[in-house]
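Structural description and commentary
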Amino acid sequence: MNNPFLTKAINNQPLSEAEGLAILRARGAELTAILAGAHQLREKTFGDRIELCSIINAKSGKCSENCSFCAQSAHHDTNAPIYPLKSEDELVAGAHAAAAAGSHCYGIVTSGTNIAAGRERDTILAALRRIRRETTIDPSASLGLLDDRMARGLADAGCVTYHHNLETARSFFPQVCTTHDYEEDVETVRAAKRAGMKVCCGGIFGLGESLEQRVELALTLRELDVDSVPLNFLNPVAGTPLEGAGYLTPLDCVRIIALFRYLLPTKRIAVCGGREHNLREFQSWIFMAGASGTMVGNYLTTTGRDVNTDLRMFADAEVRVDVC
């Protein structure tokens, strides 16, 4: 079957919003052809190799933001753990464990709008310096909103990548969060890039957004020229406004991955939170759909799959994990 989307992507011709919507609406043989093209696009840039990433929930709970999906928001009554920032030694030990498990990137993730100057920021910067000295892994940080000064401080400490999701489309964001403005997130991405860090920026799907809004997010990330895109799928948490949500099927997730591969053909795309809950038996399809990596181990407040089970899946899917 002819695949005009693949022809355009291979020739570096950006796909339009309408073409993105066609990918999300594809069914049957048309979807099969789209997935074959997404696989080809992934292999064109990354071959049969994938990269793994890991995170540490470095500071949990009591977040002042009211994101409707988040277990750590102080606005929701959940059973998410609450604790202050972990010690420098704990943050560094997590990096060593992630490197031993084969991860290329290790993210220090904190709850809250941002990290103010003081003891917490000093601890994170010290941990980043040690991780760069003591391991081969690329350290990453996800600390909320950034200004230029904080961004430069992170880069100087050895932070390779800054992670900050836009979460959803600009047009849908007010339905997800009202405690800060979408443009603050966009400016954080730009500040990280100005400081010389790579930017890992994606979103979470299954919040009630439309197909058009899924394309809108992809086009925004293309405009911002982010370096890698984490794709998360909602795993509903009791006590949040979205606890009863169930908007995604496994093939919806597969179509979303393919959409991002076609619209951002040379970018790293990693499937992260919610893959176990949403993809179920289709987890190995993420690579056919265009993903070039995935998160392994546990997430922020939910448990991930056993690493050995994932390693078997990678072997069965005939992809090779890049070694640090």
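In what follows, the structure referred to is the one given above.
Our subject in this report is the structure included herewith. From a predicted model like this one, the values you see are computed outputs, not experimental measurements.

Now for the overall build of the chain. Along its length, the chain carries twelve helices and ten strands. Taken over the C-alpha trace, the chain has a radius of gyration of 19 Å; the compact-globule value for 324 residues is 20 Å, and the two agree within 12%. Dimensions of the chain, computed from the C-alpha atoms along their principal axes, are close to 60 × 40 × 35 Å. Put simply, the chain has 324 residues, and 55% of those count as buried. Contacts spanning at least 24 positions in sequence make up 75% of the contacts within the chain whose residues lie at least 6 apart. A total of about 13600 Å² of accessible surface is found on the chain, and carbon and sulfur atoms cover 49% of it. Charge separation in the chain, taken as the distance between the mean sites of 33 positive and 39 negative side-chain charges, equals 4 Å.

Soluble, globular proteins show a tendency: their nonpolar side chains are buried together. Counting 92 residues, the largest nonpolar core has Leu154, Leu166, Leu221, Phe233, Phe260 and Tyr262 as the members making the most contacts within it. At nine residues, helix α9 (residues 250–263) tops the list of elements feeding residues into this core. Sequence-distant contacts of Leu166, that is, excluding residues within four places in its chain, are made with Phe173, Tyr182, Asp185, Val186, Val189, Cys201, Gly202, Leu217, Thr220, Leu221 and Leu224.

By the secondary structure assignment, Cys201 is in the loop between β5 (198–200) and β6 (203–205). Classification of Cys201 as buried rests on a relative accessible area of 0%. Separated by 182 residues in the primary sequence, Cys201 and Glu19 have C-alpha atoms spaced 22 Å apart. Contacts of Cys201, omitting those with residues within four sequence positions, involve His164, Asn165, Leu166, Val189, Leu221, Val226, Ser228, Val229 and Pro230.

Here the focus is unusual backbone geometry. Unusually for a residue other than glycine, Glu167 sits at a positive phi of about 75°. Secondary-structure assignment places Glu167 in the loop between β4 (161–163) and α7 (182–194). Assessed through its relative accessible area of 17%, Glu167 is described here as buried. Backbone geometry places Asp225, a non-glycine residue, at a positive phi of 55°. You can see Asp225 is positioned in the loop between α8 (211–224) and β7 (228–233).

Here the focus is the packing of α7 against α8. α8 packs onto α7 with a crossing angle of 30° between their chain directions and a minimal axis gap of 11 Å. By crossing handedness, the relation of α7 to α8 is classed as right-handed. Residues Tyr182, Val186, Val189, Arg190 and Lys193 of α7 form the contact with α8, whose own contacting residues are Leu217, Thr220 and Leu224. Looking at the contact of α7 with α8 residue by residue, the class counts come to five nonpolar, one polar and two charged.

Following the criterion strictly, the structure yields 19 salt bridges and no others. Among the salt bridges present, the one from Asp148 reaches Arg194, with a minimum N-O distance of 3.0 Å. Of the two residues, Asp148 is situated in helix α6 (residues 148–156) and Arg194 in helix α7; the sequence distance between them amounts to 46 residues. Classification of Arg194 by relative accessible area gives partly exposed; the value is 48%. One salt bridge connects Glu209 with Arg214, and the closest N-O pair in it is separated by 2.8 Å. Given the relative accessible area of 7%, Glu209 is considered buried. Taking the relative accessible area as the measure of exposure, Arg214 reaches 7% and is therefore buried. Shared partners join several salt bridges into a network, and the residues in it are Glu88, Asp89, Arg130 and Glu134.

Another point: the pairing of β7. Burial of β7 is extensive: six of the six residues sit out of reach of the surface. Burial along β7 is two-sided: the face carrying Ser228, Pro230 and Asn232 and the face carrying Val229, Leu231 and Phe233 are both buried. Here three bridges tie β6 to β7, and the two strands are oriented parallel to one another. Residue pairing in the sheet places Gly203 in a bridge with Leu231 of β7. Handedness of the crossover is the feature at issue here: the chain leaves β6, passes through α8, returns alongside β7, and the resulting connection is right-handed. Across four bridges, the pairing between β7 and strand β8 (residues 268–271) is parallel. Note on β8: the bridge partner recorded for Val229 is Ile269. For the crossover that starts at β7, traverses α9 and ends in the parallel β8, the hand is right-handed.

Time to look at the side chain of Arg121. Here Arg121 lies in helix α5 (residues 119–134). The charged side chain of Arg121 is buried without a salt bridge, its nearest counter-charge being Asp147 at 5.5 Å.

Conventions and cut-offs
- Residues numbered from 1 in each chain as written.
- Predicted model: local features only at pLDDT ≥ 70, side-chain atom pairs only at ≥ 80, totals over all residues.
- Heavy atoms only, no water.
- Helix = DSSP H or I, 4+ residues; strand = E, 2+ residues; numbered from the N terminus.
- Rg over C-alpha atoms; globule rule 2.2 N^0.38 Å.
- Buried < 20%, exposed > 50% of the residue type's maximum accessible area, 1.4 Å probe, protein only.
- Contact = heavy atoms within 4.5 Å.
- Areas by Shrake-Rupley, 256 points an atom, 1.4 Å probe, with all protein chains shown as cover.
- Lys, Arg positive; Asp, Glu negative; His and termini not counted.
- Charge placed at Lys NZ, Arg CZ, Asp CG, Glu CD.
- Core = buried A, V, L, I, M, F, W, Y, C linked by side-chain atoms within 4.5 Å.
- Axes fitted to C-alpha atoms, helices over the stretch in contact; angles between N-to-C directions.
- Left-handed = near helix turned anticlockwise from the far one by under 90°.
- Nonpolar A, V, L, I, M, F, W, Y, C, P; charged D, E, K, R; others polar.
- Salt bridge = Lys/Arg side-chain N within 4 Å of Asp/Glu carboxyl O.
- Pairing = 2+ DSSP bridges.
- Right-handed = clockwise from strand over helix to strand, strands pointing away.

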